[in-house]
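Residues per chain, in single letters:
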Amino acid sequence: MNINIAGAGIIGTFFHAPTRDRLEVLENVLIRVDDAGAITDIHPAGDSMRTLVEAELGERLFRLPDGHYGLPGLVDLHIHAPQYPQLGLALDEPLEVWLQKYTFPLEARYADLDFARTHYSVLVADLLATGTTTALYFATQHEAATKLLADICIEKGQRALVGKVVMDDPAACPDDYRDESAATAVAETRAVIAHIQAHPKNGAGRVLPVITPRFIPSCTDEALAGLGALAEECGCHVQTHCSESDWAHGHVLQRFGITDAAALDSFGLLTRKTVLAHSNFLTDDDMDRLVARGAAVAHCALSNVYFANSVFPLRHALEKGVHVGLGTDISGGPSASLFEACRTTVQSSRMLAEGTDPSLPADERGRPNSAIDLVTAFHLATAGGGVALDLPIGVLAPGYRFDALAVDTNARAGAIRLFDETAPAAVFQKLIYGATRANIAHVWVDGIERTP
Ligand code: GUN
Ligand code: FE
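Residues numbered from 1 in each chain as written. Chains lettered and ligands numbered in written order. Predicted model: local features only at pLDDT ≥ 70, side-chain atom pairs only at ≥ 80, totals over all residues. Heavy atoms only, no water.

Student: Help me understand the coordination of the iron ion (ligand 2) in this model?
Tutor: For a metal with four tetrahedral donors the ideal donor-metal-donor angle is 109.5 degrees, whereas six octahedral donors ideally subtend 90 or 180 degrees. Distances from the iron ion (ligand 2) to its protein donors, His78 (NE2), His80 (NE2), His241 (NE2) and Asp329 (OD), fall within 2.1 to 2.2 Å. Each of the four donor atoms around the iron ion (ligand 2) contributes to a set of angles spanning 85 to 175°, which defines the coordination as irregular. Donor residues for the iron ion (ligand 2), ordered by position in the chain, follow H-x1-H-x160-H-x87-D. In this pair, histidine 78 is assigned in strand E6 (residues 74-80) and aspartate 329 in the loop between strand E14 (323-326) and helix H12 (338-354), connecting sequence segments 251 residues apart. Take histidine 78: its relative accessible area is 1%, and that puts it in the buried class. (Donors = N, O, S within 2.8 Å, 3.2 Å for Na, K, Ca; no water. Tetrahedral: all angles 85-135°; square planar, octahedral: opposite > 155°, others 65-115°. Helix = DSSP H or I, 4+ residues; strand = E, 2+ residues; numbered from the N terminus. Buried < 20%, exposed > 50% of the residue type's maximum accessible area, 1.4 Å probe, protein only.)

If you want it as structure tokens, here you go:
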């Protein structure tokens, strides 16, 4: 049953983590949402205003049934939309081989708009059903298919940021899948920005354009400089990959004699609205640079297992003040679920902390003080993504958008099994560790139910 909360209210128990390390349980609260989908007020049980608000809302008040819990919508801060057909495949090669052998040929197929429409429609519907209310997408190099991805997000009501991938270096990109020149790459990026901003059904700006150089190894200096200038001119979001693997990190060091983050900065590509995927090999100086610019990292823990040669020092980055959110990095990461991303984020941080080589003594095996907990991971998948994007999402408080989901902990086809847990913190842990698509009962973006 479709239930819209825009212009109405909802009563239930919600979990959110507005700050790192602290879970807030909003027990049996009433959340009121305005016609445009923003949260206006939240009333705890017993609040003196609550009865008045309940009376005012009357039939426009929806109650979450027993066993259902609300969460802020999940934010996927790094995902390659065209790679969805390859999910779970092609995980047997290092990054630089994987790109040429599997990924560029798959992405090249999106020149065919019928192929693009079919696959993008399945992806956006699946992500919404999995609880991803906001996604920061890499599309492909094609202008038309990128516009189409934005159209599909607008039609299905997902909050999304969509970028035409720029890859113009003939030495690094295939002849049949590359920008003709730096100038056409920048011109087509402008055309996609204009399309999204002028879209007649995108008046609220729920879908936004993103300047998207794939990564330094696939771009000429001219394209990077052109996109940096465009970022300054239009103030749009920027996304790229940064220092992902030994090879990618080494390429930039060799080409420019400075780190990837420093090189991106020199092209004007590090802004308050920049998201750098992976960033595993950031130095302390790089992290300081990100903090100074207000740029963020999209941590892709699962993909990093396959392609990064390392574990991102997440806790260190957080302690230095870097903005971080979580990404699935489909299809480098073989799961579309941000619940899974939360789990892998905790697990990989533990492996970094403890180390993995049993032939080493315990005190030399790992990098101490690297572990993060589940609440921190959940914070990053919600509020952290909102901060990274500079959007009012990921927190349930007045002024934020009502992007949310309801998880049914009793769904038989789901994987959550509650026995005698009553403490909210225990329910929360079982929920995050167990939730599958079958547990997700409702998904709202701007207060409108978005699942079919
Ligand atoms: N670096 C450049 N392109 C890609 C990509 O598609 N996936 C990942 N994981 N890294 C990249
Ligand atoms: Fe990626």
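Having seen it, we continue.
Student: Please clarify how the state of the cysteines should be interpreted in this entry.
Tutor: Defined simply, a disulfide is a covalent bond joining two cysteines at their sulfur atoms. Summed over the entire model, instances satisfying the criterion amount to zero disulfides. Cysteine 219 takes part in no disulfide bond, and the closest cysteine sulfur to it belongs to cysteine 173, at a distance of 7.1 Å. Residue classification places cysteine 219 among the buried positions, given a relative accessible area of 0%. The thiol sulfur of cysteine 300 is not disulfide-bonded, and the nearest other cysteine sulfur, from cysteine 242, lies at 12 Å. (Disulfide = S-S within 2.5 Å.)

Student: Explain empty space enclosed by the protein here, please?
Tutor: Remark: the empty space left among the atoms is shown by a probe the size of a water molecule rolled over them. Summed over the entire model, instances satisfying the criterion amount to two cavities of 30 Å³ or more. Size it by volume and the largest cavity reaches roughly 90 Å³. Lining of the largest cavity is provided by His80, Gln83, Leu95, Trp98, Leu99, Arg214, Phe215, His241, Glu244, His278 and Asp329. Top element by residues in the lining of the largest cavity is helix H2 (residues 95-108). It accounts for three residues. The residue makeup of the lining of the largest cavity, split by class, is four nonpolar, four polar and three charged. (1 Å grid on protein atoms, 1.4 Å probe; cavity = no way out; pocket = protein on both sides within 12 Å on 5 of 7 lines; lining within 4 Å. Points joined across faces, edges and corners; volume = space filled by probe spheres on them. Nonpolar A, V, L, I, M, F, W, Y, C, P; charged D, E, K, R; others polar.)

Student: How should I be thinking about the site of ligand 1 in this particular structure?
Tutor: Contacts to ligand 1 come from His80, Gln83, Leu95, Trp98, Leu99, Arg214, Phe215, His241, Glu244, His278 and Asp329. Here glutamine 83 contributes a side-chain N or O atom positioned 2.9 Å from an oxygen atom of ligand 1. With respect to ligand 1, the side chain of histidine 241 contributes an N or O atom lying 3.5 Å from a nitrogen atom. Coverage of ligand 1 by the protein amounts to 100% of the 280 Å² it exposes when considered alone. (Near = heavy atom within 4 Å. Polar contact = N/O pair within 3.5 Å; in protein donor to acceptor, adjacent residues only side chain to side chain. Areas by Shrake-Rupley, 256 points an atom, 1.4 Å probe, with all protein chains shown as cover.)

Student: Is there a simple way to explain the nonpolar core in this structure?
Tutor: Buried together is how nonpolar side chains tend to be arranged in soluble globular proteins. Tyr137, Leu149, Val162, Leu290, Phe339 and Leu431 are the most contacted members of the largest nonpolar core, which totals 94 residues. Aside from chain neighbours lying at most four places away, what touches phenylalanine 339 is Leu71, Leu74, Thr130, Leu405, Val407, Leu431, Ile432, Ala435 and Ile440. In terms of nonpolar packing, the next biggest core, distinct from the first, is built from 16 residues, Ile5, Ile31, Phe62 and Leu396 among them. (Core = buried A, V, L, I, M, F, W, Y, C linked by side-chain atoms within 4.5 Å. Contact = heavy atoms within 4.5 Å.)

Student: Looking at this structure, I do not really get the layout of surface pockets. What am I missing?
Tutor: Counted as a void, the largest pocket has a volume near 220 Å³. Along the wall of the largest pocket there are 14 residues; nearest its centre are Ser310, Val311, Met351, Leu352 and Thr356. Listing elements by their share of the lining of the largest pocket, those giving two or more residues are helix H10 (301-307) and H12. The leading source of residues in the lining of the largest pocket is H12, at four residues. Its residues assigned to classes, the lining of the largest pocket comprises five nonpolar, seven polar and two charged.

Student: Could you clarify how one ought to interpret the side chain of aspartate 408 in this entry?
Tutor: Relative to the elements of secondary structure, aspartate 408 occurs in strand E15 (residues 404-408). Of the side chains with opposite charge, arginine 417 comes closest to the buried, unpaired aspartate 408, at an N-O distance of 8.7 Å. Ignoring any residue separated from it by four or fewer positions in sequence, one finds aspartate 408 in contact with Gly67, His68, Asn439 and Ala441. (Lys, Arg positive; Asp, Glu negative; His and termini not counted. Salt bridge = Lys/Arg side-chain N within 4 Å of Asp/Glu carboxyl O.)

Student: Would you mind showing me how to read unusual backbone geometry here?
Tutor: A negative phi angle is the norm for most residues apart from glycine, just as the trans form is the norm for most peptide bonds. For the bond running from isoleucine 330 to serine 331, omega is -5°, close enough to zero to count as cis. In this fold, serine 331 is placed in the loop between E14 and H12. Even without being a glycine, serine 243 presents a positive backbone phi close to 40°. A positive phi angle, close to 60°, is found at asparagine 369, a residue other than glycine. Along the chain, asparagine 369 falls in the loop between helix H13 (362-365) and helix H14 (374-389). For asparagine 369, a relative accessible area of 59% translates into the label exposed.

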